Amino acid sequence: MTLVGLGPKPAKAAEVAIFPRRINLYYGQGANNDMIDGCNKRCQFQAIAFNTGAQVEWLVNNVLQGVVGPWFLYQTPANGAAVVITVRARLQGSPAVFDEAKVSQLNYDWPGI
């Protein structure tokens, strides 16, 4: 008996998708940030893993946050300068499989207040 064909279909590669991919948030204090509602000072991120049973771990600017699972609540620091930070969702045990979101951290400044 001779087998003909290409063999079994290769397994799909593991993937991670993060949502939202870009967001603007305000610092908790400083400037006129007290005029900004608290919901604009934090963000709930979601990561969806495809073709794997591995858990997702979360990093902020490449620092592991100790959170494992599909959800991550990011809250801005109390104050600081305008900056863009990176929130990364990656598969545990597979650091090369990740997706990233960019967070612009801002101060609200209204002239005359």
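Structural data are supplied above this passage.
So, how was this worked out
- Residues numbered from 1 in each chain as written.
- Predicted model: local features only at pLDDT ≥ 70, side-chain atom pairs only at ≥ 80, totals over all residues.
- Heavy atoms only, no water.
- Helix = DSSP H or I, 4+ residues; strand = E, 2+ residues; numbered from the N terminus.
- Buried < 20%, exposed > 50% of the residue type's maximum accessible area, 1.4 Å probe, protein only.
- Contact = heavy atoms within 4.5 Å.
- Polar contact = N/O pair within 3.5 Å; in protein donor to acceptor, adjacent residues only side chain to side chain.
- Phe/Tyr/Trp six-rings, centres within 6.5 Å; stacked < 30°, edge-to-face > 60°.
- Lys NZ or Arg CZ within 6 Å of the ring centre and 35° of its normal.
- Lys, Arg positive; Asp, Glu negative; His and termini not counted.
- Salt bridge = Lys/Arg side-chain N within 4 Å of Asp/Glu carboxyl O.

Moving on, we get to unusual backbone geometry. Geometrically, the link from F19 to P20 is a cis peptide bond, its omega value of -10 degrees lying close to zero. Structurally, the position occupied by P20 is in the loop between β1 (15–19) and β2 (22–26). Although it is not a glycine, A31 adopts a positive phi angle of roughly 45 degrees. Structurally, A31 can be placed in the loop between β2 and β3 (42–50). Non-glycine residue N61 carries a positive phi angle of around 50 degrees. Position of N61 among the secondary structure elements: in the loop between β4 (56–60) and β5 (63–68). Overall, N61 belongs to the partly exposed group, its relative accessible area being 42%.

For the rest of this paragraph, the subject is the environment of T76. If you trace the backbone, T76 turns up in the loop between β6 (71–75) and β7 (83–91). Judged by relative accessible area, which is 9%, T76 ranks as buried. Measuring from C-alpha to C-alpha, the distance between T76 and C43 comes to 8.8 Å, with 33 residues separating the pair along the chain. Sequence-distant contacts of T76, defined by excluding residues within four places in its chain, comprise L25, Y26, Y27, G28, K41 and Q105. Separated by 2.9 Å, the side chain of T76 and the backbone oxygen of Y26 make a polar contact.

With the rule as written, the count across this model stands at three aromatic pairs. Centroid distance Y26 to Y108: 6.2 Å. Interplanar angle 85 degrees. Geometry classified as edge-to-face. Here Y26 is found in strand β2, whereas its partner Y108 is found in the segment after β8 (94–106), with 82 residues between them in sequence. Among the aromatic residues, ring-to-ring pairing joins Y26, Y108 and W110 into one connected group. In this structure, R88 is placed above the aromatic ring of F98, and the distance from its NZ or CZ to the ring centre is 3.8 Å.

Positionally, K41 belongs in the loop between β2 and β3. No salt bridge forms around the buried K41; measuring N to O, its nearest opposite-charge neighbour D34 is 7.1 Å away. Of the polar contacts made by the side chain of K41, one reaches the backbone oxygen of G28; its length is 3.2 Å. One polar contact links the side chain of K41 to the main-chain carbonyl oxygen of I36, over a distance of 3.3 Å. Among all residues touching K41, those that are not within four sequence positions of it are L25, Y26, Y27, G28, N33, D34, I36, Y74, Q75 and T76.

When you line up the elements, E57 lands in strand β4. Once residues lying within four places of it in the same chain are set aside, the contact partners of E57 are L64, V67, V68, R88, A89, R90, L91 and Q92.

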